[in-house]
Protein chains: 4
Amino acid sequence: MIRFQCDYAEGAHPLILKKMEETNYEQTVGYGNDPYCESARQKIRAACKAPEADVHFLVGGTQANFTVISSVLRPHQGVVSAVTGHINAHETGAVEATGHKVLTLPSDDGKITAAQVRELYEAHWSDSDHEHVVQPGMVYISHPTENGTLYSKEELEEMYAVCRELGLPLFMDGARMGYGLMSQTSTLTLADIAGLTDVFYIGGTKVGALFGEAVVITNPVLKKDFRYLIKQNGGMLAKGRLLGIQFDTLFTDGLYYDISKYADELAMRLKEAFVKKGYGLRYDSYSNQQFPILPNDHMEKLKEKYSFGFWEKTDEEHTAVRFCTSWATKEENVQALIADIEAL
Amino acid sequence: MIRFQCDYAEGAHPLILKKMEETNYEQTVGYGNDPYCESARQKIRAACKAPEADVHFLVGGTQANFTVISSVLRPHQGVVSAVTGHINAHETGAVEATGHKVLTLPSDDGKITAAQVRELYEAHWSDSDHEHVVQPGMVYISHPTENGTLYSKEELEEMYAVCRELGLPLFMDGARMGYGLMSQTSTLTLADIAGLTDVFYIGGTKVGALFGEAVVITNPVLKKDFRYLIKQNGGMLAKGRLLGIQFDTLFTDGLYYDISKYADELAMRLKEAFVKKGYGLRYDSYSNQQFPILPNDHMEKLKEKYSFGFWEKTDEEHTAVRFCTSWATKEENVQALIADIEAL
Amino acid sequence: MIRFQCDYAEGAHPLILKKMEETNYEQTVGYGNDPYCESARQKIRAACKAPEADVHFLVGGTQANFTVISSVLRPHQGVVSAVTGHINAHETGAVEATGHKVLTLPSDDGKITAAQVRELYEAHWSDSDHEHVVQPGMVYISHPTENGTLYSKEELEEMYAVCRELGLPLFMDGARMGYGLMSQTSTLTLADIAGLTDVFYIGGTKVGALFGEAVVITNPVLKKDFRYLIKQNGGMLAKGRLLGIQFDTLFTDGLYYDISKYADELAMRLKEAFVKKGYGLRYDSYSNQQFPILPNDHMEKLKEKYSFGFWEKTDEEHTAVRFCTSWATKEENVQALIADIEAL
Amino acid sequence: MIRFQCDYAEGAHPLILKKMEETNYEQTVGYGNDPYCESARQKIRAACKAPEADVHFLVGGTQANFTVISSVLRPHQGVVSAVTGHINAHETGAVEATGHKVLTLPSDDGKITAAQVRELYEAHWSDSDHEHVVQPGMVYISHPTENGTLYSKEELEEMYAVCRELGLPLFMDGARMGYGLMSQTSTLTLADIAGLTDVFYIGGTKVGALFGEAVVITNPVLKKDFRYLIKQNGGMLAKGRLLGIQFDTLFTDGLYYDISKYADELAMRLKEAFVKKGYGLRYDSYSNQQFPILPNDHMEKLKEKYSFGFWEKTDEEHTAVRFCTSWATKEENVQALIADIEAL
């Protein structure tokens, strides 16, 4: 079985494992206060052109999401998100478990707009009974989205301008950040993102690391006491250096970008093959997730050899599915898949 | 600086790293449903002589504690713990953050007794206003305790008998389980523990793994839907096999026991040196944590070369401190420390 | 200003005030354990033909809703509700504040169907990643709904059958219960409701009392320790007898029914006047809330003399609004309003 | 049975009932935005000499406590309280249910000192692992305490100075405020309290009202969005004017003070009788709660005719109990009790 089901089917980039092995018997202090974490923080700040940013390493994405969100909101506030947002759809209510409602906006492609946020905000405050309704307290977006789509620089500028005007901190979930940054259609750099959000994270789990997400807080108001919250929410790794070593490696010599670009290019080759074959695309993605709409018989045939994700039935005879590439995807497997598609 | 400060200063046992490297490019499903996790689960069930037990792998101890506790309690219930219990003292209120009070019992050495639990229970139910008071809903103990002390088989039998009689599930935090099992004074096996608790965990982070705690649920009532709770609490590792690989390795050929025994033996050598030097012992520990009471000038001298933990001032001229050994402690460092103590 | 804005603009039925005055200097025990509460409980059990039911008195509806819901659900579960349900739309996220997501179903008129519940349930359990999604744990309906609509006996039977089949406790919010029971279209008695739900409440605040909601728990599984939860959630009135006195009075000599019927009849006269005038109706309500769609100029004219609720703009020139009657509405005011409408 | 068991055995001061009756058919807006609430707010601001204070009316004390506390704290913070504090001992973990630990200080008489608060604060911040421990975020005191004792003006000045220095908002639970203010030993006025705390409440339930607590927020930082939190926590009474009417009446012509003074004087007569009889006093209270230590046979004898609260056994032959007077206590009952004590 060749897996295109997700972007976390393998381990880690070999340079990371190598570094872990080399440093295995070094003794360091715990909880992220070691030199590897410090070095990784410096490299991330540099990559973000945000020398004042706080950088924290958490183990996983759900944890990063609810830790950030619950650190920002007061009890009566909710987080605005696309209805398709990971926090709303795929985290077992982790945000609600911290006491906060997810205020959903409709979305066709996983993105939401500045205009939608403004409209929701104004609807809240113009309601004479607004004290009976959850107050919008921050905005969550993912980039790339769960549908592989990307915010343009202009869209993010608009979103951030509205968020600042309305006093809503903007939080970007970057679980697949690398694949967004290196997309051929990307108009955003890491520095742009750092400048156009209040807090975001750079995903490691899906982009070369064994695990780990680097939360970057640029808004000084949101920095206070964040380490307490990591600890309280179970995200403070005892051997914190494991996170430092991984991000230090990823942000050395452009590794994070290179491996992301590699995955994106393979995804584009898949996309080309789907289009050439005449398949529709559920979302027009230029990052590592691709969503072709397959005739059901083609889907069944491909399942014999490949694993991929069910997305939704689009009609009786077609099904949208998800194929992911990653830093670890073998080119030969992509070639085999393309050949098999052509042969259908 | 030679570190005796904690038992998580190094990485992982080399067999674990080796296995991670060997399997790095294998593709597996995520979230703990892979064959490595399955194999590790089987080995742990066998070691526990609990073929029906559910075994789950979580990343860290705080996470394991609050995930288990909040899965057991109803909203008006609290968890009974020694005042010194990790959940009460060192987890930034993670249990309270899930909505539950920690009901503390005094303890001189980190242990609590069956009689104390009964007394607290009876005090609650005999209070005519008991509905105005948090109801005891389960019991938490750690083994070894935060003070290095151990429950005897008889003590655990008594505790479990009382817990069953009173309908209070018994949960054992085994962050340092290995060091307890292999202590020269231990009267408990893993199978004993599985038979005398409702849920417990086997610590990996402090006993040879990079990270990871294996939660073992023997009480069928507590098994239901536990994976939802892991996910909601941010403890479901995407690359779950990393946890499987580690525990599979630790529970192959007795590795977990061997490395624990090694650490305990080094701790006993340290203890002997402390006693020989005439130092008092804050707690009479036979596991990997040792708590000598040092004259302040000795403490300052040792600090120049060794790191160790401050525990408490016992009088103006003496301080109790903590030295930890672990699977990774080098024998030569113990020898050096002993020599330096003798020379003081 | 004559108020039709809500059904809680006045105080209480005079018989309630009279009883409060008569008993003012009696000394009773607190917290709902007094003879008045006991008498009210007996009368409610009799009215429900549910001699085994537990009956508890809480101060208000939001409190009753989140106390019941959080007492039923485990942490990873959510409550299924119409998107228009009070718990989702107008309680400032009180349910989420207890840690639970509201799982919303679309609704045109405030009601949801058994088929919708089944579909949501099956969608959850057929999702291979269901552990990453909030599990449906119970169903919430309101009767009458926030839109004045009513469940028929057949609809409630279907809903309850599905809920029992799927293991989802069914909870009915009866903040306006009386107005539903006495509607000319009602096919449900209080005994029917007690037999076709697991827990529900009988609203006092909007139906003759100063305040107070009587929670009736018929499912034995849900009874346990409910008083602890009332106390923890701030709903246990020290002078609990005030709730007992009110419900005892309301359930003596059919007062609750009589005053509800009176309000419904006035509402029907209003509805008739709206229809006669040619206004559309946003919802086809046969209970005490009426939702005419007014030409904007008519609306502005009526506002000079009457208060009523804004509901939504239906087009540029029309607005749906809400008029409520209650036990306290004066017939002369209804006549005046009807005359003013006719004169427009 | 003559009840001295608590201070909420009767209804309300007759002037309150009278006003409720007079206004019963008036139509007002709901949720505390009516003219009665506004009038009561103005009178309370005047009584507090705090023209800028926000005043909110909640139904009960537990609700007021957890609503205030959870509005102030961030998730990783706890509230400092005497171990005997109502929030720690008698509210079924309501504070923990909002996610926050109660950080307890030992207390002999229900009071805590500025020095204790400073010590706890310094212990927290000097702990090198303080991020692993709940951060003190505010201070809770009750006045009178649960033991009837009172803070002097000097003590409160010291406490508030320390709280301001350390950045810890000071919250006073005034469930029995009136009985404290009018005690013969009181050195605090309402204006003093408003000037020496950040937020406090004036108890109505135990001092003449049917129910209700007036929360006064003087610290501007704590005012924001408080009404959302009242609603979310189930404390926003639909017929909010009932609270306004009660507090408006209590703060007209000094009623609140007069009825409190009356109860205190009766309590002093009881105290005198206890002392004269040679009974010890568990706490030296000068407010409406009295805690004599009775020989067990005397206690049993008195129980035949009077109800009073069990406090604790002081030795095999003696028991500390609680007698409460209130605004509603009949002088003749106090005389009867005194005569019966003398006759023992």
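Details of the structure are given in the entry above.
Just so it is clear, the structure is predicted and the values come from calculations on it, not from any experiment.

I'd love a proper account of the overall build of chain A, names of residues and values included.
Along chain A, the regular secondary structure elements total 14 helices and 14 strands. Its C-alpha radius of gyration of 20 Å places chain A within 12% of the 20 Å reference for a compact globule of 344 residues. Seen through its C-alpha atoms, chain A measures out along the principal axes to roughly 60 × 55 × 35 Å. Of all 344 residues assigned to chain A, the portion counted as buried reaches 66%. Taking as baseline every contact in chain A between residues at least 6 positions apart, the subset at least 24 positions apart corresponds to 72%. In the form shown here, chain A has an accessible surface area of approximately 11800 Å², with 50% of it arising from carbon and sulfur atoms. For chain A, the distance from the average site of its 33 positive side-chain charges to the average site of its 47 negative ones is 6 Å.

How would you sum up the pattern of salt bridges? Please name residues and give values.
Applying the stated criterion across every chain, the model contains 70 salt bridges over all chains. A:Asp7 is paired through a salt bridge with A:Arg176; the nearest N and O atoms lie 2.6 Å apart. Of this pair, A:Asp7 sits in the loop between strand S1 (2-3) and helix H1 (14-22) while A:Arg176 sits in the loop between strand S6 (170-173) and helix H8 (177-181), placing them 169 residues apart in sequence. A single burial state applies to A:Asp7 and to A:Arg176, both of which are buried. As a salt-bridge pair, D:Asp248 and D:Lys43 come within 3.0 Å of each other at their nearest N and O atoms. Here D:Asp248 is found in helix H11 (residues 241-250), whereas its partner D:Lys43 is found in helix H2 (residues 35-48), with 205 residues between them in sequence. In this structure D:Asp248 comes out as buried when scored by relative accessible area, which is 10%. Residues participating in the shared-partner salt-bridge network are A:Glu38, A:Arg41 and A:Arg45.

Lay out the relation of the copies chain C and chain A in plain terms, naming residues and giving numbers.
It takes a turn of 180° to lay chain C on chain A, together with a shift of 0.0 Å along the axis; the resulting RMSD is 0.0 Å. The transformation relating the two chain copies, once decomposed into turn and shift, fits a two-fold axis. An overlap of 100% is found between the interface residues of chain C and their copies at the interface of chain A, pointing to a shared contact surface.

Go over the nonpolar core with me, naming the residues and quoting the values.
Formed by 130 residues in total, the largest nonpolar core has its most connected members in C:Ile202 and D:Ile202. Ignoring anything within four residues of it in the chain, the contact list for C:Ile202 reads C:Ile44, C:Cys48, C:Gly174, C:Met177, C:Leu190, C:Gly212, C:Glu213, C:Ala214, C:Val216, C:Phe247, C:Phe251 and C:Tyr256. Membership of the second largest hydrophobic core comes to 129 residues, among which are A:Tyr151, A:Phe251, B:Cys48 and B:Phe251.

Give a detailed account of the interface of chain C and chain A, specifying residues and quantitative values.
Every contact between the two is made by 18 residues of chain C and, on the other side, 18 residues of chain A. A buried area of about 1300 Å², summed over both sides, lies between chain C and chain A, and 49% of it is on carbon and sulfur atoms. Its largest share of buried area at the contact with chain A, chain C owes to C:Thr92, C:Glu96 and C:Lys101, together 39% of the area lost on that side. On inspection of chain C and its partner chain A, the count reaches 2 salt bridges. Across the pair C:Glu96 and A:Lys101 runs a salt bridge whose closest N-O atoms are separated by 2.5 Å. Joining chain C to chain A, the criterion identifies 10 residue pairs in polar contact (both at pLDDT 80 or more). Contributions of two or more residues to the side of chain C that touches chain A are made by helix H4 (86-89) and helix H5 (94-97) of chain C. Looking at the side of chain C that touches chain A residue by residue, the classes come out as 5 nonpolar, 8 polar and 5 charged.

Requested: an account of the relation of the copies chain A and chain B, with residues and values cited.
Of the transformation placing chain A onto chain B, the axial shift is 0.0 Å and the rotation is 180°, giving an RMSD of 0.0 Å. With an isologous cut-off of 70% or more, the 100% of interface residues of chain A that recur at the interface of chain B puts this contact in the isologous class.

Account for the interface of chain A and chain B, naming residues and giving values.
Contacts between the two partners involve 47 residues from chain A and, on the opposite side, 47 residues from chain B. Surface buried jointly by chain A and chain B totals about 4100 Å² across both partners, of which 55% is contributed by carbon and sulfur atoms. By the criterion of area lost to chain B, the three top residues of chain A are A:Tyr25, A:Gln27 and A:Lys239, representing 18% of everything that side buries. On the surface where chain A and chain B come into contact, there are 0 salt bridges. At the boundary of chain A with chain B, the tally comes to 26 residue pairs in polar contact (both at pLDDT 80 or more). Residue assignment for the side of chain A that touches chain B shows that the elements contributing at least two residues are S1, H1, helix H3 (61-72), helix H5 (94-97), helix H10 (226-232) and helix H11 (241-250) of chain A. Looking at the side of chain A that touches chain B element by element, the count peaks at 4 residues for H1(A). Partitioned by chemical class, the residues of the side of chain A that touches chain B number 24 nonpolar, 15 polar and 8 charged.

Could you give an account of the side chain of A:Asp173, naming the residues involved and the relevant values?
Residues and elements named next belong to chain A. Structurally, the position occupied by Asp173 is in strand S6. The side chain of Asp173 is buried and forms no salt bridge, while Lys206, the nearest opposite charge, is found at 7.0 Å. Polar contacts involving the side chain of Asp173 include one to the side chain of Asn65, which spans 3.2 Å. If sequence neighbours within four positions are ignored, Asp173 has contacts with Asn65, His86, Tyr140, Ile141, Ser142, His143 and Tyr201.

Tell me about the side chain of D:Lys111, and please be specific about residues and values.
Residue and element names in this part refer to chain D. Along the chain, the position of Lys111 falls in the loop between strand S4 (102-105) and helix H6 (114-126). We classify Lys111 as buried; its relative accessible area is 16%. There is a polar contact of 2.8 Å between the side chain of Lys111 and the backbone oxygen of Leu150. In contact with Lys111, not counting residues within four places along its chain, are Gln116, Thr145, Thr149, Leu150, Tyr151 and Glu155.

Break down helix H12 (residues 255-277) of chain A for me, with residues and values.
For H12(A), spanning 23 residues, the distance from its first C-alpha to its last is 34 Å, which sits close to the expected 33 Å at 1.5 Å a residue. Looking one or two residues past H12(A), A:Gly278 carries a phi angle of roughly 95°, positive in sign.

Pulling in residues and values, what's your account of the packing of aromatic side chains?
Under the defined criterion, the tally for this structure stands at 74 aromatic pairs over all chains. Taken together, a centroid distance of 6.4 Å and an interplanar angle of 85° make the contact between A:Tyr283 and A:Trp311 edge-to-face. One end of the pair, A:Tyr283, is in the loop between strand S9 (280-281) and strand S10 (289-290); the other, A:Trp311, is in strand S13 (residues 309-315), and 28 residues separate them in sequence. Aromatic side chains B:Phe171 and B:Tyr201 sit 6.1 Å apart centroid to centroid with 40° between the ring planes, which places their arrangement in the tilted category. Residue B:Phe171 is found in strand S6 (residues 170-173), and its partner B:Tyr201 is found in strand S7 (residues 199-203); the two are separated by 30 residues along the sequence.

Hey, could you go over the sheet that holds strand S7 (residues 199-203) of chain D for me, with residue numbers and the actual values?
All names here are of chain D. With respect to topology, 7 strands assemble into an open sheet ordered S2-S8-S7-S6-S5-S3-S4, the strand pairing being mixed. The strands lining the two open edges of the sheet, one partner per strand, are strand S2 (54-58) and S4. Mean inter-strand twist for the sheet, computed between neighbouring axes without regard to direction, equals 25°. Looking at chain direction, strand S3 (residues 77-82) and S4 are connected through 4 bridges and run parallel. Residue pairing across strands places Ser81 opposite Thr104, the latter belonging to S4. With respect to the sheet, H6 is in contact with S3, S4 and strand S5 (135-142), its orientation differing from that of S5 by roughly 165°.

Go over unusual backbone geometry, please, and point to the residues and values.
In this chain, B:His143 is followed by B:Pro144 through a cis amide linkage whose omega measures -10°. Structurally, B:Pro144 can be placed in the loop between strand S5 (135-142) and helix H7 (153-166). At A:Asp253, a residue that is not glycine, the phi angle is positive and equals roughly 55°. Looking at where A:Asp253 falls in the secondary structure, it is placed in the loop between H11 and H12. Phi at B:Lys49 takes a positive value of approximately 45°, unusual for a residue other than glycine. By the secondary structure assignment, B:Lys49 is in the loop between helix H2 (35-47) and strand S2 (54-58). Residue classification places B:Lys49 among the exposed positions, given a relative accessible area of 69%.

Parameters at a glance
Residues numbered from 1 in each chain as written. Chains lettered and ligands numbered in written order. Predicted model: local features only at pLDDT ≥ 70, side-chain atom pairs only at ≥ 80, totals over all residues. Heavy atoms only, no water. Helix = DSSP H or I, 4+ residues; strand = E, 2+ residues; numbered from the N terminus. Rg over C-alpha atoms; globule rule 2.2 N^0.38 Å. Buried < 20%, exposed > 50% of the residue type's maximum accessible area, 1.4 Å probe, protein only. Contact = heavy atoms within 4.5 Å. Areas by Shrake-Rupley, 256 points an atom, 1.4 Å probe, with all protein chains shown as cover. Lys, Arg positive; Asp, Glu negative; His and termini not counted. Charge placed at Lys NZ, Arg CZ, Asp CG, Glu CD. Salt bridge = Lys/Arg side-chain N within 4 Å of Asp/Glu carboxyl O. Least-squares fit on C-alpha atoms with pLDDT ≥ 70 in both. Core = buried A, V, L, I, M, F, W, Y, C linked by side-chain atoms within 4.5 Å. Buried area = accessible area lost by both parts, 1.4 Å probe. Polar contact = N/O pair within 3.5 Å; in protein donor to acceptor, adjacent residues only side chain to side chain. Nonpolar A, V, L, I, M, F, W, Y, C, P; charged D, E, K, R; others polar. Expected span 1.5 Å × (residues − 1). Phe/Tyr/Trp six-rings, centres within 6.5 Å; stacked < 30°, edge-to-face > 60°. Pairing = 2+ DSSP bridges. Axes fitted to C-alpha atoms, helices over the stretch in contact; angles between N-to-C directions.

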